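Residue strings, one per chain:
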Amino acid sequence: MATDKIVSIADLQAAASKILPSSTREFFNSGATDQVTVHENSAAYRKYRILPRVLKDVSNVNTTIPLFGRDIAFPLCVSPAGLQGMAHPDGELATSRACAKYGINMGVSSYANHSVEQITTAGNEVAPIHHVMQLYSMKDREKEKRIIRRAEAAGCKAIFLTADSPVLGVRYNEVRKTFQPPAGLAYPMMEKTSEQIQQQSHDDGFKSFNDDSHSWAREIPWLRSLTKMEIWIKGILTPEDVETAIEYGCDGVIISNHGGRQLDETPATLDVLPACAKVARGRIRIHIDGGIRSGNDIFKALALGAECCWVGRPMLWGLAVS
Ligand SMILES: Cc1cc2nc3c(=O)[nH]c(=O)nc-3n(C[C@H](O)[C@H](O)[C@H](O)COP(=O)(O)O)c2cc1C
Ligand SMILES: CCCCC(=O)C(=O)O
């Protein structure tokens, strides 16, 4: 019997969910605690309807936008997500190639299973592509410096400092089954071999890396002193924090709640976007992620003030079925 074609992100999620082992599926798909935010991120898009004007010439539309000094094909990029080796052996290398093929940019997670050098090379072998390096504030500042230097040397255009993760979110599925990355996967940017990763729990590993005493005053001037890459803050949900990012001279913000994986019951990113965009307008770049699953969703985010959208899970589902 012929299988149906995958035509939507919902189809892709269903196809990936059939293939992936349950622990991987839950790690990818779940959010924190009661998963209120993970659901509301997508549901927020359903509250808006699109009112079209008709008899417009649409024979030649231009969806490009400038980002990091070059046009991307359309206003969508791929969010940094760790452990892509769980979806496909090529992991982040395949993601980089796909982004390059379609003319969009990619975030590289600190918890990538391939190095930033390998990831940037893989994409650029297909077509010119820009990457950004996602960073957490780390206890080991020397290691953090090495990640920054390697990312800059590999051609990354920006640091995305993830600000919503001083500790790992409480994900019941990960706690219930004591989630552990599968053997054989390393974190080359964190300088951890597969064997070292297996020696502690996922949660303990995160605790041992991430600095929960992080602060604006400590991180931003320090990063500025180390790199010429742009500095963006990922994980902002309030106009007040957009204002603070502007005060600290950051280049951009990603309105994000980490796909509902960190603090549950934070609002859907689309719901806080208009107030954040009002503060940002013209003073700092403003992008969004969380629950974006269609061209209509991208249109709505742009209409409500975002310059560009990013997606996490759809890329993981795509990797799983490829
Ligand atoms: C499996 C998984 C791993 C992730 N790892 C990271 C990470 O290492 N660093 C980070 O800043 N965000 C990480 N994220 C969050 C994404 O960057 C992004 O904010 C989120 O996935 C967007 O929501 P969406 O999945 O609904 O598109 C991860 C998300 C998923 C699903
Ligand atoms: C592999 C660690 C990724 C951590 C993270 O940011 C997440 O799971 O959302």
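Model, not experiment: these values are computed from the prediction.

## Concerning the site of ligand 2
So, step 1. Phe27, Leu83, Tyr111, Tyr136, Arg171, His202, Phe206, His258 and Arg261 make up every residue found near ligand 2.
So, step 2. Within the contact set of ligand 2, an oxygen atom lies 2.8 Å away from a side-chain nitrogen or oxygen of Arg171.
So, step 3. Measuring from an oxygen atom of ligand 2, one finds a side-chain N or O atom of Arg261 at 2.8 Å.
So, step 4. Out of a free accessible area of 290 Å², ligand 2 has 93% covered by protein chains.
So, step 5. Residues of the shell around ligand 2, tallied by class, amount to five nonpolar, two polar and two charged.

## Overview of the UniProt feature "active site" (unreviewed entry) in the protein chain
So, step 1. Here the UniProt-annotated "active site" (unreviewed entry) positions come out as His258.
So, step 2. Note on placement: His258 falls in the loop between strand E8 (252-255) and helix H12 (269-280).
So, step 3. Beyond its immediate chain neighbours, meaning those up to four positions away, His258 contacts Tyr136, Thr162, Asp164, Ser165, Arg171 and Lys234.

## As for a nonpolar patch on the surface
So, step 1. Together, Val170, Tyr172 and Val175 make up a nonpolar patch on the protein surface, roughly 270 Å² of accessible area in all.
So, step 2. For Tyr172, a relative accessible area of 37% gives the class partly exposed.

## A look at the site of ligand 1
So, step 1. The local shell around ligand 1 holds 23 residues, among which Pro80, Ser109, Thr162, Asp289 and Arg293 are the closest.
So, step 2. Within the contact set of ligand 1, an oxygen atom lies 2.6 Å away from a backbone nitrogen or oxygen of Pro80.
So, step 3. Arg313 places a polar main-chain atom, nitrogen or oxygen, 2.9 Å from an oxygen atom of ligand 1.
So, step 4. Out of a free accessible area of 600 Å², ligand 1 has 97% covered by protein chains.

## Section: helix H11 (residues 239-247)
So, step 1. Buried within H11 we find Val242, Thr244, Ala245 and Ile246.
So, step 2. One or two residues past the end of H11 sits Gly249, with phi positive at roughly 75°.

## So, the packing of helix H1 (residues 9-19) against helix H14 (residues 313-321)
So, step 1. In contact at an axis separation of 8 Å, H1 and H14 are set at 55° when each is read in the N-to-C sense. One finds that H1 runs oblique with respect to H14. At the point where H1 passes H14, the crossing takes the left-handed sense. Of the residues in H14, those touching H1 at Ile9, Leu12, Gln13, Ala15, Ala16 and Ile19 are Pro314, Trp317, Gly318, Ala320 and Val321.
So, step 2. Per-class residue counts for the contact of H1 with H14 are nine nonpolar, two polar and no charged.

## Re the environment of Pro128
So, step 1. Along the polypeptide, Pro128 turns up in the loop between helix H5 (116-126) and strand E5 (131-135).
So, step 2. Separated by 95 residues in the primary sequence, Pro128 and Thr33 place their C-alpha atoms 40 Å from one another.

## Some thoughts on the nonpolar core
So, step 1. One finds Met133, Val242, Ile255 and Ile288 to be the most contacted residues of the largest nonpolar core, which totals 82 residues.
So, step 2. Among the elements that take part in this core, H12 stands out by supplying seven residues, more than any other.
So, step 3. Once you skip the residues sitting within four places of it in the chain, Ile255 turns out to touch Ile236, Leu237, Val242, Thr269, Val272, Leu273, Cys276, Ile286, His287, Ile288 and Asp289.
So, step 4. Within the second largest apolar cluster, twelve residues are counted, among which are Leu67, Ile72, Val132 and Cys308.

## Let's talk about the side chain of Asn257
So, step 1. Relative to the elements of secondary structure, Asn257 occurs in the loop between E8 and H12.
So, step 2. Asn257 sits in the buried class, given a relative accessible area of 3%.
So, step 3. Looking at Asn257, its side chain comes within polar contact range of the main-chain oxygen of Pro267, at 2.9 Å.
So, step 4. When near neighbours in sequence (up to four residues on either side) are disregarded, Asn257 contacts Thr37, Asn41, Asp164, Leu237, Gln262, Thr266, Pro267, Ala268, Thr269 and Asp289.

## Let's talk about the packing of aromatic side chains
So, step 1. Under the counting rule described, the total for this entry stands at eleven aromatic pairs.
So, step 2. Ring geometry for Phe68 and Trp232: centres 5.8 Å apart, planes at 65°, overall edge-to-face. Pair noted here: Phe68 is in the loop between strand E1 (65-67) and strand E2 (70-72) and Trp232 is in strand E7 (residues 230-236), with a separation of 164 residues, a long-range link. By the burial criterion, Phe68 is buried, and Trp232 matches it.
So, step 3. Consider the rings of Trp216 and Tyr248, whose centres lie 5.8 Å apart with planes at 25°: the pair is stacked. Residue Trp216 is located in helix H10 (residues 216-226), and its partner Tyr248 is located in the loop between H11 and E8; the two are separated by 32 residues in the primary sequence.
So, step 4. For Trp216, a relative accessible area of 23% corresponds to the partly exposed category.
So, step 5. Linked through ring pairs, Tyr111, Tyr136, Tyr187, Phe206 and Phe209 together constitute an aromatic cluster.
So, step 6. Above the ring of Trp222, the side-chain terminus of Arg141 is found at 5.1 Å from the ring centroid.
So, step 7. In this arrangement the basic side chain of Arg261 is found over the ring face of Phe27, its NZ or CZ atom lying 4.9 Å from the centre.

Quick notes on the rules
Residue positions within a chain follow its written sequence, with the count starting from 1. Whichever chain is written first becomes A and whichever ligand is written first becomes 1, with later ones labelled in order. Under the rules for a predicted model, residues below a pLDDT of 70 receive no local features and side-chain atom pairs below 80 are neither given nor counted, while totals for whole chains, interfaces and linings still include all residues. Excluded from the side-chain calculations are hydrogens and water; all other atoms, namely the structure's heavy atoms, are used. Proximity is defined per residue: if any heavy atom of the residue lies within 4 Å of a molecule or strand, that residue is considered near it. Identification of polar contacts relies on pairs of N or O atoms within 3.5 Å, with a donor-acceptor requirement for protein atoms, meaning one able to donate a hydrogen and the other able to accept it, and with residues adjacent in sequence counted only if both atoms are side-chain atoms. Each accessible area is a Shrake-Rupley estimate made with a 1.4 Å probe; only the visible protein chains count as cover when residues are assessed. Just so you know the grouping, Ala, Val, Leu, Ile, Met, Phe, Trp, Tyr, Cys and Pro go in nonpolar, Asp, Glu, Lys and Arg go in charged, and all remaining residues, Gly too, go in polar. UniProt positions are given in the numbering used here, feature names are shortened, and annotations may be inferred rather than shown by experiment. The numbering of helices and of strands both runs from the N terminus, where a helix is a DSSP run of H or I of at least 4 residues and a strand a run of E of at least 2. Note on contacts: a residue pair is in contact if any heavy atoms of the two residues lie within 4.5 Å. Every patch collects residues that have over 30% relative accessible area and no salt bridge, joining them within 9 Å if they carry like charges and within 5 Å if they are nonpolar side chains (Val, Leu, Ile, Met, Phe, Trp, Tyr). Salt bridges are counted wherever a side-chain nitrogen of Lys or Arg sits within 4 Å of a carboxyl oxygen of Asp or Glu. Each residue's exposure class comes from its accessible area (1.4 Å probe, protein chains only) as a fraction of the maximum for that residue type: buried when under 20%, exposed when over 50%, partly exposed otherwise. Note on geometry: axes are C-alpha line fits, over the in-contact stretch for helices, and angles between N-to-C directions span 0 to 180 degrees. Each angle gets one of four labels, with under 35 degrees taken as roughly parallel, over 145 as roughly antiparallel, 65 to 115 as roughly perpendicular, and the rest as oblique. Throughout, a crossing is termed right-handed when the near helix is turned clockwise from the far one, and left-handed when it is turned anticlockwise from it by less than a right angle. What makes a nonpolar core is a set of buried Ala, Val, Leu, Ile, Met, Phe, Trp, Tyr and Cys residues whose side-chain atoms join them at distances within 4.5 Å. Aromatic pairing here means that ring centres of Phe, Tyr or Trp (its six-membered ring) are within 6.5 Å. Orientation follows from the plane angle: under 30 degrees is stacked, over 60 is edge-to-face, and everything else is tilted. The rule for a charge over a ring is simple: NZ of Lys or CZ of Arg within 6 Å of the ring centre, and within 35 degrees of the ring normal.

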